[in-house]
Amino acid sequence: MAVRVRVPLAALLLNNPLAMNTITRLFLGSGKIFSTILFFLVTITILSSCGAEKGRFKMSGRFLNLDQGEFYVYSPDGVIDGIDTIRVTGGRFTYERPLDREATLMLVFPNFSEQPIFANSGKSVEIKGDASHIKEMEVTGTKENERMTKFRKETVNCSPPEIAKIAEKYINDKPESIVGVYLVRKYFIQSLTPDYVKAEKLVSKMLESQPKNGPLVLLRKQLSQIKNGNVGNSVPTFTATDINGHAISNQDLGDEVAVIYVWSTWNFESQEMQRQLKKRARESGGRLKLISISMDADPKACQNILDRDSITCPNVLESQLFEGQLFTKLGFSYVPDNMVINHQRIVARTLNIQALKDKLDELLK
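Described in the following lines is the structure provided in the data block. Everything numeric in this text was worked out from a predicted model, so none of it was measured. (Residues numbered from 1 in each chain as written. Predicted model: local features only at pLDDT ≥ 70, side-chain atom pairs only at ≥ 80, totals over all residues. Heavy atoms only, no water.)

Time to look at the overall build of the protein chain. Scanning the protein chain for helices and strands turns up twelve helices and 15 strands. Across the 365 residues that make up the protein chain, the buried fraction comes to 45%. Considering only contacts in the protein chain between residues 6 or more positions apart, those separated by 24 or more positions represent 61%. (Helix = DSSP H or I, 4+ residues; strand = E, 2+ residues; numbered from the N terminus. Buried < 20%, exposed > 50% of the residue type's maximum accessible area, 1.4 Å probe, protein only. Contact = heavy atoms within 4.5 Å.)

Okay, here's the thing in C-alpha cells:
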C-alpha cells in the first residue's frame, strides 16, 4: 500500500511567508476577518490531528534503520482477506483500512518476526521503533497498544518461563483486555511447552469479562477439543477431502513418522515451514508422510502457492478458516501449527521450524 504523507493545511499556511504576510495585512485591516481565519486554521489543525474516520483504522509511524522497504500485515481474526503490504519511504509509513469491529493485526517484518497491533474502528496509532530491535518498538494511541508496549519492554530480556509468568499475571489482572487473547495463544498454546490446562483457565477468566468476544469463545472451543490431541494420545480418527477432491484420512499417515501442519497464503512463517517439510520428506525417501491444512478462503490463491513451491502432499482447504472441521478436530489453534506423529501416536505439536527440524532428525535417524 503506497505511503501517503499528510501535511495539515494550517502548517502549510503558517510556514508560508506569503500566506503569513496576507494574514498580517488582514489582521491590520480587519480584526473580524482575522478572527474568522484564525478559527478556520485552528479547526483544520484539530481535525488533521484526530484519529481515523469512523469505520476505519489507521496506523503510521517511523522505523530507524529502514529507510526504504516494506513489511506486511495480516489478521488472524479474518478482518483482512489475505495479506497487505506496507511500504516504507524515508523511514516513514502509513496504513489505513476499513474496520467495523475490534481486531488484532499482525505485522510481519523482513526477518519474519511478528508483532501484534490491536485495532479499533475510528482509532489511529503511532508506531516508533528501530528495525534492528523490533521487539522494543513503541505503539501509542490506544490503551491496549500502550499496554502491549509496556509488556514488550518488561519482557525483552526475560526467559520464556519468566515471560509466561508475566503474561499470566497480566491476564489475571486485566481479564477485560484483548491483549490477553494474544498472550494466551502466544505463551500457553503456541509455546514449545504448551500448557493447555492453564490456557483454558485463563480463557475462562477472560470470558467472564468478555462474554461476547467471538475469537475468545472460539478459542475455548478449540481448547476443549485439543485435549484429544495431546502429546501421548493416538491421532484422532478423521476423514476429509483434499483440494483435488481426493478423500484422505488418518490412515494415510502410515505407521511411521508423519506431520500434519497448518499454513496459509497470508503467513510467511507457515510457508517457510511447508517448504522445509517438503525438503525433509524428499530427503527421507518416503519415510515421512505429510498432510497440510490451508487456512484460506480462496482456493485459487492456495493452489498458486502449492504450484509455486511444488507441494504435492494432500492439502485440505479449510474455507471456514478457524472453524473448519479438521482444524478444530485436531486441536489446532493458530497459523502456523503442526502435529508430529509416530506410529499413529502424537509425539510433539506446535513446534517452531527449528524445533520441528530437530524432532524429525531424532525420529528419522
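The discussion continues.
So, on to the packing of aromatic side chains. Going through the model one piece at a time under the given rule, you end up with ten aromatic pairs. Where Phe327 meets Phe332, the ring centres are 6.2 Å apart and the plane angle is 40°; that geometry is what we call tilted. Note on accessibility: Phe327 and Phe332 belong to one class, buried. An aromatic cluster is defined as three or more aromatic residues linked by ring pairs; in this entry it consists of Phe63, Phe71, Phe93 and Phe109. (Phe/Tyr/Trp six-rings, centres within 6.5 Å; stacked < 30°, edge-to-face > 60°.)

Throughout the structure, instances matching the rule amount to 16 salt bridges. Here Arg56 makes a salt bridge to Glu96, at a shortest N to O gap of 3.0 Å. Residue Arg56 is located in strand β1 (residues 56-64), and its partner Glu96 is located in strand β4 (residues 92-98); the two are separated by 40 residues in the primary sequence. Taking the relative accessible area as the measure of exposure, Glu96 reaches 8% and is therefore buried. Across the salt bridge formed by Glu144 and Arg147, the nearest N and O atoms sit 3.2 Å from each other. In this pair, Glu144 and Arg147 both sit in helix α4 (residues 143-155), three residues apart, roughly one turn of the helix. Judged by relative accessible area, Arg147 falls into the buried class, the value being 18%. Each of Glu272, Arg275, Arg308 and Asp309 takes part in one network of salt bridges that share partners. (Salt bridge = Lys/Arg side-chain N within 4 Å of Asp/Glu carboxyl O.)

Okay, the pairing of strand β2 (residues 68-74) next. The side chains of a regular strand alternate between the sheet's two faces. Bridging between β2 and strand β3 (residues 84-89) involves six bridges; their strand directions are antiparallel. Residue Tyr72 lies in a different strand from β3, and its bridge partner there is Thr85. (Pairing = 2+ DSSP bridges.)

Moving on, we come to the environment of Asn233. Structurally, the position occupied by Asn233 is in the loop between α8 (214-226) and β9 (239-241). According to the relative accessible area criterion, Asn233 is partly exposed, its value standing at 30%. When the C-alpha positions of Asn233 and Gln344 are compared, they lie 8.9 Å apart, and in sequence the two are 111 residues distant.

Between helix α5 (residues 160-173) and helix α6 (residues 179-189), whose axes approach to 10 Å, the crossing angle comes to 150°. The angle between the axes of α5 and α6 places the two elements in the roughly antiparallel class. Crossing of α5 over α6 shows left-handed handedness. Contact residues: Ile163, Ala164, Ala167, Glu168, Tyr170 and Ile171 in α5; Val179, Gly180, Leu183, Val184, Tyr187 and Phe188 in α6. In terms of residue class, the contact of α5 with α6 is built from ten nonpolar, one polar and one charged. (Axes fitted to C-alpha atoms, helices over the stretch in contact; angles between N-to-C directions. Parallel < 35°, antiparallel > 145°, perpendicular 65-115°, else oblique. Left-handed = near helix turned anticlockwise from the far one by under 90°. Nonpolar A, V, L, I, M, F, W, Y, C, P; charged D, E, K, R; others polar.)

Look at His343: it is not a glycine, yet its phi comes out positive at around 55°. Within the element layout of this structure, His343 appears in the loop between β14 (337-342) and β15 (345-349).

Overall, mixed pairing links the five strands, which are arranged β13-β12-β11-β14-β15 in an open sheet. Of all strands in the sheet, those with a lone pairing partner are β13 (315-317) and β15, marking the two edges. Across the sheet, the axes of successive neighbouring strands diverge by a mean angle of 20°, strand direction being ignored. Where β14 and β15 come together, four bridges link them in antiparallel fashion.

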